[in-house]
Amino acid sequence: MIPNVKMSQMLIFGVLFTFFMLVNTDKTPALIWSPNRPLSGLSPSYAGETIQADHFLDNYLTPLTTDPAQSLIVFVQNKLSVEDFTKHADVYNPNSDGGAFRNVKAAMDENFSVHLPEIASPTSAVQKLSTSFTGERVTVDSPTDLENMDLKPGTQYLIIISLKPISGKDEFSEFKMNDEDIGKCLHHLSRRGLQYSAVYTAEASQVSEEAVHSGRQLLAAEDAADNTTYNGTFYNVQNVLMYLQYVNLTITRKAIGAGKPRLETYQWNFKTPNITVEQCNDTINGSLDCVATPHGDYNALRINMTFDNSNGTANLRFTIKQTDNMGSQWKSTRGTVDLTPSSEGVTLTGMDVDYNIESIRGFCFHCARLYTKPSVRNFTSNATVYPSDVEKITLTMTRFQIEVSFNTSKGLGGRDFTNTSIPFSTDVWECVEFFTVPIWMGIISTLFLILILFYGLTMIANITTMDRFDDPKAKTITVTVNE
Amino acid sequence: MWACLGIGLAISLSVVGAAWGILTTGASILGGGVKAPRIKTKNLISIIFCEAVAIYGIIMAIVITNNIGSFNQYTDSEDAVLKSYQAGYKMFAAGLTVGVCNISCGICVGIVGSGAALADAQNSTLFVKILIIEIFGSAIGLFGVIVSILQIAGSKIGTD
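As the structure is a prediction and not an experimental result, all values here were calculated from the model.

**Q** Kindly report on the overall build of chain A, identifying the contributing residues and their values.
**A** Of regular secondary structure, chain A possesses eight helices and 21 strands. Within the span of chain A, comprising 483 residues, buried residues form 41% of the whole. A sequence separation of at least 24 residues applies to 68% of the contacts in chain A between residues at least 6 apart. Surface exposure of chain A reaches about 26400 Å², of which carbon and sulfur atoms provide 55%.

The following block contains the structure:
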């Protein structure tokens, strides 16, 4: 029920909702007005709703053509968007006359009017209407053509007026010219005594798409070494969903003589992964009883990944266990990694590795940069590392995301991954908490400085005039000034 | 962050204490010096006691700064990471200790020095007696420095 709502209010309303949406070039607003036909029967447009072309045709255009005495005029531009109204219609002035859209604003204010902020491809609806229209169809390119036409009042017309295209060089004057054309057309129509409803819309909004940044950007990963746009690969392996971009292994060895410490780096991508997942059950003595063939009844999953490239081969094994019998929470446990370099280098066998991979039922785990836990970073054991001059070994996984599900067969929740095209759950358990340590550092330091500032301001506010030696009963001091 | 906050507190609180002391004493010396100009030179000793407090602060700040290094919480060994966190907290504590001790010492010496100046203006034999009180006041600033050096001993952020 939106008769006679002020155009500027609706424009601001429309602007607020467009701001929060990714702008699609096909969605444009439409303004509908009629001097004689009340438009309250048209269904209202809900906040943020994009009206589809069919809906627009059925619920807005067709009702306007049911009355045989009522014509429909459609002004079609090449480009119109709510941003254009904001920029050129002088919306922030309470006494505005509409800026470049003076006639349109006057028409909307004085007549019955409806504003639809977002319609997907309205011109296709107009075309459909024009093919099914029973009255007289008129297509006009300029208002002077309309002037010269012989329009009889009482006949139902569908007049489609193509306004001049907006090229973008001087949008204000182009909109103003089109607005004046609209004003002229309306004037002609009212002079001939035609009963009409008018629609002002466009083919596209053509506003440049803004990149909507949702979420926070943490740990911007350096892509310096990677010139291709490889972003990671998604695999569904025996009911474990996994996505991984790279695995990096960096080994720091002692410096020879007086040089810098030597670094051996490996980077494997995940394009052709070699993963096996075994379903396991805990046995009484604490070890795992694993079978390779899936049988649906498991409370742990052993994941075995092999990475191979020209520099060497690595084999990473870890287990994911549910922490209770319900499968509502799962965690990874300590695993091992083996490394066989293809040329001369450090060989690792059965080296401990432990990640903080954990999540809850219905959530996947994601980490942009996954590092090992501090407890396994100590590499003084010579048995697993050869040669023995290794100082530090770092194994990190870049852009890692995993989702597992327990107890699907028992119907206790958990998602069923047997369909290989199922995507990750949209709920994510991030490895980085919302308030990271740097954020807290900034907040605490700033708070401390603000406290000092407030203390200083308090001192300034307590400055008073010295009145210890003022005596109200004594004579007031007078100072004579010689001009 | 903790280490740097400690350093900041060490120097800033010490300087605030010294400044407050000098403010109090200086105002009294100037006021008393109007009627008794002989007090001016002798009472500068009180100002020097206040200034010493600020010097304690800057020495501690420099000592603490020397122990700051860099570490990577994701790739360093557990030992190095824990020691670095511990060192950070220790530096914060050391800075806070010396800062709070010095701010109170500075204010104390300032008020006593102010009294000394005014008493000296009245009666010049009183000055030496009040100076003894000032020396006691100055000693407490030194206690703060000693304790914070003990706190900072051996702790280092980072492994290099």
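**Q** Describe in detail the state of the cysteines, supporting the description with residues and values.
**A** Covalently bonding the sulfur atom of one cysteine to the sulfur atom of another cysteine gives a disulfide. Going through the model one piece at a time under the given rule, you end up with two disulfides over all chains. Sulfur-sulfur distance for the disulfide between A:Cys280 and A:Cys290 comes to 2.0 Å. Around the S-S axis, the bridge from A:Cys280 to A:Cys290 shows a dihedral of about 105 degrees and counts as right-handed. Note that A:Cys280 is positioned in strand S11 (residues 274–282) and A:Cys290 in strand S12 (residues 288–291), a separation of 10 residues in sequence. The disulfide bridge from A:Cys367 ends at A:Cys431, spanning 2.0 Å between sulfur atoms. Where A:Cys367 bonds to A:Cys431 through sulfur, the torsion about that S-S bond is close to 70 degrees, and the disulfide is right-handed. Note that A:Cys367 is positioned in strand S18 (residues 364–370) and A:Cys431 in the loop between strand S21 (428–430) and helix H8 (437–461), a separation of 64 residues in sequence. Listing the disulfide partners of chain A by sequence rank of the bonded cysteines yields 1-2, 3-4. Among the cysteines around B:Cys108, which has no disulfide bond, B:Cys105 carries the closest sulfur, lying 6.3 Å off. The partly exposed category is assigned to B:Cys108, whose relative accessible area is 29%.

**Q** Describe the nonpolar core, listing the residues and the values that go with them.
**A** Residues and elements named next belong to chain A. Among the nonpolar cores identified, the biggest contains 45 residues, and Ile303, Met305, Phe400 and Ile402 are the most heavily contacted of them. Looking at this core element by element, the count peaks at seven residues for strand S20 (residues 390–404). Not counting residues within four places of it along the chain, the set of residues in contact with isoleucine 402 comprises Val240, Leu241, Met242, Ile303, Ile320, Trp330, Ile357, Cys364, Phe365 and Phe424. Among the nonpolar cores identified, the runner-up in size contains 32 residues, and Phe85, Ala107, Leu151 and Ala202 belong to it.

**Q** I'd like to hear about the side chain of A:Thr28, residue by residue, with values.
**A** Residues and elements named next belong to chain A. Within the element layout of this structure, threonine 28 appears in strand S1 (residues 27–34). Within the structure, the side chain of threonine 28 is placed 3.4 Å from the backbone oxygen of alanine 202, a separation counted as a polar contact. Those residues in contact with threonine 28 that lie beyond four places of it in its chain are Leu80, Pro117, Glu118, Ile119, Pro122, Thr201, Ala202, Glu203, Ala204 and Ser205.

**Q** Please set out the sheet that holds strand S6 (residues 196–204) of chain A residue by residue, giving values where relevant.
**A** All names here are of chain A. In spatial order, the strands read S3-S1-S6-S2-S5-S4; together these six strands make up an open sheet with mixed pairing. Since the sheet does not close on itself, it has two edges, and those belong to strand S3 (112–120) and strand S4 (136–140), each with one partner. Shown here is a sheet whose adjacent strand axes are inclined to one another by a mean of 15 degrees, direction ignored. The pairing of S1 with S3 spans seven bridges and is classified as antiparallel. Bridged to tryptophan 33 within S3 is serine 113.

**Q** How would you summarise the UniProt feature "transmembrane region" (unreviewed entry) in chain B if you had to cite specific residues and measurements?
**A** As annotated in UniProt, the feature "transmembrane region" (unreviewed entry) corresponds to residues 6–32, 44–64, 92–119 and 131–153 of chain B in the numbering used here. Secondary structure content for residues 131–153 of chain B is 96% helix and 0% strand, and the end C-alpha separation is 34 Å.

**Q** With reference to specific residues and values, describe the interface of chain B and chain A.
**A** Across the boundary between the two partners, chain B contributes 12 residues, which contact 13 residues of chain A. Carbon and sulfur atoms supply 68% of the area that chain B and chain A bury against each other, a total of about 1100 Å² over both sides. When the buried surface of chain B facing chain A is broken down by residue, B:Met1, B:Tyr74 and B:Thr75 rank first, second and third, together holding 50% of it. Counting across the interface, chain B meets chain A through one salt bridge. For B:Asp76, the salt bridge is made with A:Lys392, and the minimal N-O distance between the two is 3.2 Å. Inspection of the chain B/chain A interface yields four residue pairs in polar contact (both at pLDDT 80 or more). If you list the elements that add at least two residues to the side of chain B that touches chain A, you get helix H1 (2–35) and helix H4 (78–122) of chain B. No other element matches the three residues that H1(B) contributes to the side of chain B that touches chain A. Of the residues belonging to the side of chain B that touches chain A, the class tally is six nonpolar, four polar and two charged.

**Q** For the packing of helix H2 (residues 53–64) of chain A against helix H5 (residues 122–132) of chain A, give the residues involved together with the corresponding values.
**A** To characterise two packed helices, one gives the angle between the axes of the helices and the distance between these axes. All names here are of chain A. Running from N to C, H2 and H5 cross one another at 55 degrees; their axes reach a closest spacing of 8 Å. Relative to H5, the element H2 lies oblique. In terms of crossing hand, the pair formed by H2 and H5 is right-handed. Counted together, Ala53, Asp54, Phe56, Leu57 and Leu61 of H2 and Pro122, Ser124, Ala125, Val126, Lys128 and Leu129 of H5 form the full contact between these two elements. Looking at the contact of H2 with H5, its residues break down into eight nonpolar, one polar and two charged.

**Q** Just give me the short version of the pairing of S20(A), but keep the residues and values in it.
**A** All names here are of chain A. Of all 15 residues in S20, 12 are buried, a share of seventy percent or more. Summarising the sheet, strand S8 (residues 240–244) and S20 pair through four bridges and their orientation is antiparallel. Looking at the pairing, methionine 242 lines up with isoleucine 402 of S20. With eight bridges joining them, strand S9 (residues 246–253) and S20 adopt antiparallel strand pairing. Bridge assignment links threonine 252 to a residue of S20, and that residue is lysine 392. Sheet topology note: the S18/S20 ladder contains five bridges and is antiparallel. Within the sheet, the bridge partner assigned to arginine 369 lies in S20 and is threonine 398.

Rules used throughout
- Residues numbered from 1 in each chain as written.
- Chains lettered and ligands numbered in written order.
- Predicted model: local features only at pLDDT ≥ 70, side-chain atom pairs only at ≥ 80, totals over all residues.
- Heavy atoms only, no water.
- Helix = DSSP H or I, 4+ residues; strand = E, 2+ residues; numbered from the N terminus.
- Buried < 20%, exposed > 50% of the residue type's maximum accessible area, 1.4 Å probe, protein only.
- Contact = heavy atoms within 4.5 Å.
- Areas by Shrake-Rupley, 256 points an atom, 1.4 Å probe, with all protein chains shown as cover.
- Disulfide = S-S within 2.5 Å.
- Core = buried A, V, L, I, M, F, W, Y, C linked by side-chain atoms within 4.5 Å.
- Polar contact = N/O pair within 3.5 Å; in protein donor to acceptor, adjacent residues only side chain to side chain.
- Pairing = 2+ DSSP bridges.
- Axes fitted to C-alpha atoms, helices over the stretch in contact; angles between N-to-C directions.
- UniProt positions renumbered as here; feature names shortened; annotations may be inferred.
- Buried area = accessible area lost by both parts, 1.4 Å probe.
- Salt bridge = Lys/Arg side-chain N within 4 Å of Asp/Glu carboxyl O.
- Nonpolar A, V, L, I, M, F, W, Y, C, P; charged D, E, K, R; others polar.
- Parallel < 35°, antiparallel > 145°, perpendicular 65-115°, else oblique.
- Left-handed = near helix turned anticlockwise from the far one by under 90°.

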